Amino acid sequence: LRSPPTQASPVHAARPGAVGAMARRVGDSDWVINTDQSTGRQYYANVKTKETRWTPPDELKDVAEAASETRIQDWHERPDPNTGRTYYYNKVTKATSWTKPPGWDEYKAQ
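Below you will find a few notes about this structure. (Residues numbered from 1 in each chain as written. Predicted model: local features only at pLDDT ≥ 70, side-chain atom pairs only at ≥ 80, totals over all residues. Heavy atoms only, no water.)

### Some thoughts on the overall build of the protein chain
We count it as follows: Where helices and strands are cited, they refer to DSSP runs of H or I of at least four residues and of E of at least two residues respectively, numbered from the N terminus. In this scheme, a residue with accessible area under 20% of its type's maximum is buried, one over 50% is exposed, and one in between is partly exposed, where area comes from a 1.4 Å probe on protein chains only. Contact definition: two residues touch when any of their heavy atoms are within 4.5 Å. Areas reported here follow the Shrake-Rupley algorithm with a probe of radius 1.4 Å; residue values treat only the protein chains shown as occluding.
The helix and strand inventory of the protein chain stands at two helices and eight strands. Counting from the amino terminus, the protein chain carries its helices and strands in the arrangement β-β-β-β-β-α-β-β-β-α. Looking at the protein chain as a whole, 38% of its 110 residues are labelled buried. In the protein chain, the proportion of contacts linking residues at least 24 apart, taken out of those at least 6 apart, comes to 36%. Here the protein chain has roughly 6,800 Å² of accessible surface; of this, 50% comes from carbon and sulfur atoms.

In C-alpha cells form, the structure reads like this:
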C-alpha cells in the first residue's frame, strides 16, 4: 500500500508509504480501504495501479454507500494487539477505523 492522498490532490499516483495494518480489501476488487494515521481519515488505495483517493472509485460507490448506512450497534471497540490503541470494527461490513463511528458516544451512553 501507499501513502494516503494529499489534501491538495484528492486523486493522484501514490507515493511509497507503509502498509497499514488495518487495511482491508473491498470485495473481489483491487481496492483496499486504509486509514491515514495523521488524520484518522479513511482512504481508498488500488493495490494494482497504486492510485490512492479520499473518495470511493465509481466501481465501489454502492459498497461505500452501504457501509455508510450501517447501524451503530454493528460497531465494536477493540484494542490493536500491536499498539494497544483503540480501534472500531464493524462486524457486518468488516470496516475498521481508528476514529469513533458517528453516534458512538451517544450509543455507549445508553
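### Comments concerning the sheet that holds strand β8 (residues 96–97)
In plain terms, the rule: Between any two strands, pairing holds if DSSP finds at least two bridges.
The strand order β6-β7-β8 describes an open sheet built from three strands, whose pairing is antiparallel. Edge positions in the sheet fall to β6 (75–79) and β8, since each of these pairs with one other strand and no more. In this sheet, strand β7 (residues 86–90) lies alongside β6 in antiparallel orientation, the contact comprising five bridges. Among the inter-strand pairings, Trp-75 is bridged to a residue of β7, identified as Asn-90.

### Quick look at unusual backbone geometry
The phi dihedral of Lys-50 is positive, around 70°, even though this residue is not glycine. Secondary-structure assignment places Lys-50 in the loop between β4 (42–46) and β5 (51–53).

### Remarks on the pairing of β7
For β7, the tally of buried residues reaches four of five residues, placing the bulk of the element in the interior. Hairpin remark: β6 followed by β7, antiparallel, with six residues in the connecting loop; positive phi at Gly-84, about 80°. Bridge count for β7 against β8 is two bridges, and the pairing is antiparallel. Paired with Tyr-88 across the bridge in β8 is Ser-97. Between β7 and β8, which follow one another and run antiparallel, lie five residues, and Lys-94 among them has a positive phi close to 70°.

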